[in-house]
Amino acid sequence: QVQLVESGGGLVQPGRSLRLSCAASGSIFSSYNLGWYRQAPGKERELVAAVTSGGSKIYADSVKGRFTISRDNAKNTVYLQMNSLKPDDTAVYYCRTYGPGFYDYWGQGTQVTVSS
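The numbering scheme is per chain: residues are counted from 1 as the chain's sequence reads. The predicted nature of this model means local features are confined to residues of pLDDT at least 70 and side-chain atom pairs, given and counted, to a pLDDT of 80 or more, with totals for whole chains, interfaces and linings taken over all residues. Water and hydrogen atoms were dropped before computing side-chain values, which therefore reflect all heavy atoms in the structure.

What to know about the sheet that holds strand β3 (residues 18-25)
Sheet strands pair by backbone hydrogen bonding; their relative direction is either parallel or antiparallel. Criterion used throughout: strands pair if DSSP finds at least two bridges between them. Comment: elements are numbered from the N terminus, with helices defined as DSSP H or I runs of at least four residues and strands as E runs of at least two. Taken in spatial order, the 4 strands line up as β1-β3-β8-β7 in an open sheet, and their pairing is antiparallel. The open sheet terminates on both sides in strands that have one partner only, identified here as β1 (3-7) and β7 (67-72). Pairs of neighbouring strands in the sheet enclose a mean axial angle of 15 degrees, with direction left out of account. As defined by bridge partners, β3 adjoins strand β8 (residues 77-82) across 6 bridges and the pair is classed as antiparallel. Bridge pairing in β8 links Leu18 to Met82. Whenever a helix is involved, its axis is fitted only over the stretch in contact; in every case the axis is a line through C-alpha atoms, and angles between N-to-C directions fall within 0 to 180 degrees.

Take a look at the structure:
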């Protein structure tokens, strides 16, 4: 059973930073892709950033230059460093690990609120 546990969310003022963490258990962490998604109230869940098992990274246009995804395979953890936060970044952020076939798991989410 694969489990993902996010942490690091909270309330932050515009322009400040947060770092989200997602710790995984129950899988060969390094073999799979990892992603951060977010869902704001009344909106569809969207991809924020992802990193493949090989280390390639992609970002949503809205976060390019501000957010950085990284993975530490030794710690079975993926991070999302979020800088220059904006009110539009307010959402529940979810961690996902996925790969070939039916391998697809999500965390429970962590709330990020950007407000003055």
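Picking up where we left off.
Remarks on unusual backbone geometry
Phi at Asn76 is positive, roughly 55 degrees, even though this residue is not glycine. Along the chain, Asn76 turns up in the loop between β7 and β8. Working definition: with a 1.4 Å probe on protein chains only, accessible area under 20% of the residue-type maximum means buried, over 50% means exposed, and in between means partly exposed. Overall, Asn76 belongs to the partly exposed group, its relative accessible area being 23%. Located in the positive-phi region is Ser84, a residue other than glycine, with phi close to 50 degrees. Following the sequence through the fold, Ser84 ends up in the loop between β8 and β9 (91-98). Classification of Ser84 by relative accessible area gives partly exposed; the value is 39%.

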